[in-house]
Amino acid sequence: MQMQGQGVERAQDAHVGREQRDAEPGASGGAGGAAVDVLVVGAGPTGLVVACDLARRGVRALVVERSGGLFPGSRGKGLQPRTLEVFDDLGVLGQVLKWGGLAPAAMAWVDGRRVGEQPVFEVVEPTEEAPYPGPWMLPQWRTQQILLERLRELGGDVRFGVELTGLAQDADSVTATLGTADGGTETVRARYAVAADGGRSTVRRLTGIPMTGEQVDPMPMVVADVVIPSLDRDNWHVFPPKEGGAGFAALCPMPHAEDFQFVAQAAERRDGVTADDVRAMVADLTHIRAEQVTEVRWASDFTVNAAMAERFREGRVFLAGDAAHIHSPAGGQGLNTSVQDAYNLGWKLAAVLREGAPEELLDTYEQERLPQAAAMLGLSTRIHRGEARRGAETRQLGIHLRQSPLTRETRDGLAEEALRAGDRAPDGRRDGLRLFDLYRGPQFTLLAVDTELPDELPPLPGLRTARTGAYEVYGRGLYLVRPDGYVGWAGAGGPESVRELREWAGLVTGAAGVPARIEEG
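Residues numbered from 1 in each chain as written. Predicted model: local features only at pLDDT ≥ 70, side-chain atom pairs only at ≥ 80, totals over all residues. Heavy atoms only, no water.

Let us look at the packing of helix α2 (residues 45–55) against helix α8 (residues 334–354). Where α2 meets α8, the axes come as close as 8 Å, and the angle between the chain directions of the two elements is 30°. Taken together, the axes of α2 and α8 lie roughly parallel to each other. When the axes of α2 and α8 are compared, the crossing they make is right-handed. Counted together, P45, T46, V49, V50, D53 and L54 of α2 and L335, S338, V339, A342, Y343, G346, W347, L349 and A350 of α8 form the full contact between these two elements. Of the residues assigned to the contact of α2 with α8, the class counts are 11 nonpolar, three polar and one charged. (Axes fitted to C-alpha atoms, helices over the stretch in contact; angles between N-to-C directions. Helix = DSSP H or I, 4+ residues; strand = E, 2+ residues; numbered from the N terminus. Parallel < 35°, antiparallel > 145°, perpendicular 65-115°, else oblique. Left-handed = near helix turned anticlockwise from the far one by under 90°. Contact = heavy atoms within 4.5 Å. Nonpolar A, V, L, I, M, F, W, Y, C, P; charged D, E, K, R; others polar.)

A separate point is the confidence of the model for the chain. The predicted coordinates of low-pLDDT regions are not to be read in fine detail. Per-residue confidence for the chain gives a mean pLDDT of 87; residues scoring 70 or more make up 87%. The low-confidence segment residues 1–32 (pLDDT under 50) makes 99 contacts with residues lying over four places distant or belonging to another chain. Counting interchain partners and residues more than four positions distant, the pLDDT-below-50 stretch residues 512–521 has 28 contacts. (pLDDT = per-residue confidence, 0-100.)

All told, the structure shown has seven cavities of 30 Å³ or more when counted by the stated rule. As for the largest cavity, its lining consists of 15 residues, of which E85, D89, Y343, F436 and Y439 are closest to the centre. Counting only elements with at least two residues in the lining of the largest cavity, the list comes to α3 (81–90) and α11 (435–439). Residue contributions to the lining of the largest cavity peak at four residues, all from α3. Tallied by class, residues from the lining of the largest cavity come to six nonpolar, one polar and eight charged. (1 Å grid on protein atoms, 1.4 Å probe; cavity = no way out; pocket = protein on both sides within 12 Å on 5 of 7 lines; lining within 4 Å. Points joined across faces, edges and corners; volume = space filled by probe spheres on them.)

Taken together, the buried positions of helix α7 (residues 275–285) are occupied by A275, V278, R279, M281, V282 and L285. Along the axis of α7, the buried positions cluster into a sector of 160°, meaning they face one direction only. (Buried < 20%, exposed > 50% of the residue type's maximum accessible area, 1.4 Å probe, protein only. Arc of directions from axis to C-beta.)

What follows is about the pairing of strand β27 (residues 477–481). Counting buried residues in β27 gives five out of five residues, a clear majority hidden from the surface. Covered by surrounding structure in β27 are G477, Y479 and V481 together with L478 and L480, the residues of both alternating faces. The pairing of β27 with strand β28 (residues 487–491) spans four bridges and is classified as antiparallel. Opposite V481, over in β28, you have V487 as the bridge partner. Hairpin geometry of β27 and β28 is characterised by an intervening segment of five residues between the two adjacent antiparallel strands and by a positive phi of about 85° at G485. (Pairing = 2+ DSSP bridges.)

Turning to α2, a few remarks are in order. For α2, the tally of buried residues reaches 11 of 11 residues, placing the bulk of the element in the interior. For α2, the set of buried residues is P45, T46, G47, L48, V49, V50, A51, C52, D53, L54 and A55.

Strand order in the open sheet made by the five strands is β21-β28-β27-β24-β26, with mixed pairing throughout. Because the sheet does not close on itself, it has two edges, and the strands there are β21 (408–409) and β26 (464–468). Of the pairings in the sheet, the one linking β21 to β28 comprises two bridges and is parallel in character. Paired with E409 across the strands is A490, a residue of β28. Sitting on the sheet, helix α12 (residues 495–509) is in contact with β21, β24 (445–449), β27 and β28, with an inclination near 165° to β28.

What follows deals with the packing of α2 against helix α5 (residues 140–153). Contact geometry for α2 and α5: axes closest at 9 Å, N-to-C directions at 20°. By the angle class used here, α2 and α5 are roughly parallel. Considering how the two elements wind past one another, α2 and α5 form a crossing that is left-handed. Where α2 abuts α5, its residues P45, L48, V49, A51, C52 and A55 lie against Q140, Q144, L147, L148, R150 and L151.

Here the focus is the nonpolar core. Counting residues in hydrophobic clusters, the biggest one holds 108 residues, and the most contacted among them are F87, V96, L349, Y439 and Y474. For this core, the element with the most residues is α8, which contributes 11 residues. Residue contacts for L349: discarding those within four places in its chain leaves V38, L54, Y192, V194, F318 and L362. (Core = buried A, V, L, I, M, F, W, Y, C linked by side-chain atoms within 4.5 Å.)

Here we come to the pairing of β24. The element β24 is extensively covered by neighbouring structure, given that five of its five residues are classed as buried. Residues T445, L447 and V449 of β24 are buried on one face, and the alternating residues L446 and A448, pointing to the opposite face, are buried as well. Strand direction decides the pairing type here: β24 and β26, joined by five bridges, are parallel. Paired with L446 across the strands is T465, a residue of β26. As judged from the five bridges shared by β24 and β27, these two strands associate in the antiparallel manner. Across the sheet, residue T445 finds its bridge partner in β27, namely V481.

What follows is the structure in structure tokens.
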């Protein structure tokens, strides 16, 4: 989905001052000719997640954003359970839960009358292994604010009003030309660059990576953040097309805010959308009068497209988020898939830059994420066209990496439903230990379930180990959990496990390593 925000009633930088938003930060990092580890272009959810993940690993990242402040709209408002697990690991879940909420039931309206209420999403109760509900409603502007605050806690920041204008690379580095708000230019060298600059990515264009796709729906859409004091906030208000007419509308209340997110199918494509346009659409498609819309805080019009970059890497440059794939909003997958990109890439960049991992480890970013993004892209398109429904797939807990070159399952005779290498490592509580507490952080984790830990292991960076009793969700065995929460290696235990683990560790350390005694804890 390509969406271009328009100035509506207030300039974009004014939005940074809304309730609970940060004031525009000062510039930091990256003088002319300066060198950094990673250049991150774009301070949306993708760029902020990868920056947070790098910062907590001690990697120097320069984040630049051409806008004067954070994106001001509610756009990607639904966080899936897997994204909440990522936010738990990054240390922002508390704020996400505090400022968000579950989706209210949909209320259908016809001719100004309420005609029926039903759930918008399938209600799935939290379980021991999957503790977070979803989708969790949080306007995108709030998500980004929370992530920026976390980045600053970790010692990082964003340079706003700085635009990438040129990009070149050689065997050792990327050289970027940056334009500043005062008309100046700077040159920055980085070991790697991450394109997190959206569907119209400048980085993607400068690297020459093609993007191909299709138009999902020819009817243009409008999305806006509006204030309507006269409308109750107990429901997600839905307005089907009027008899003999076209177009539909919906008004979803944003948690802990005055706004409703207004989404509507427009009758015709406009060259931008104004506050008066939004008010007119509300009046045309609902029973609400134009003057009852007291504020239009942000608005955008777009055509629903689905597109995918041909590849996610060009030398030392990586595409992530909308720069790599553009989704229909119908499935609620765009922002969530983007967060998974960033979470997969961050630990691998840090491993190469800080821990001596082989350059080949970075090849697995595209190998793992491109097929997953393609699957989510297809799902979003099918949901938009009414060919599929939101459900288990959209929650993203079932995404697996069983075919990844980083995955090793060494046990035989497993039941079809058994947890395997490549699967997401579930949560749970056993013997006074919560597994997500164990996994939280930038390290690898070796968990022994109903078996013993080996005495000797190859040195993996920051390896954490623990042993617990029987847990049916896991089954008996040893599980090496990657920093991004997936089981990279699984085995039965015993003497063979020392050799097998050492071989697996060579994939992320570049050497077999010398076995070392470890302490359980």
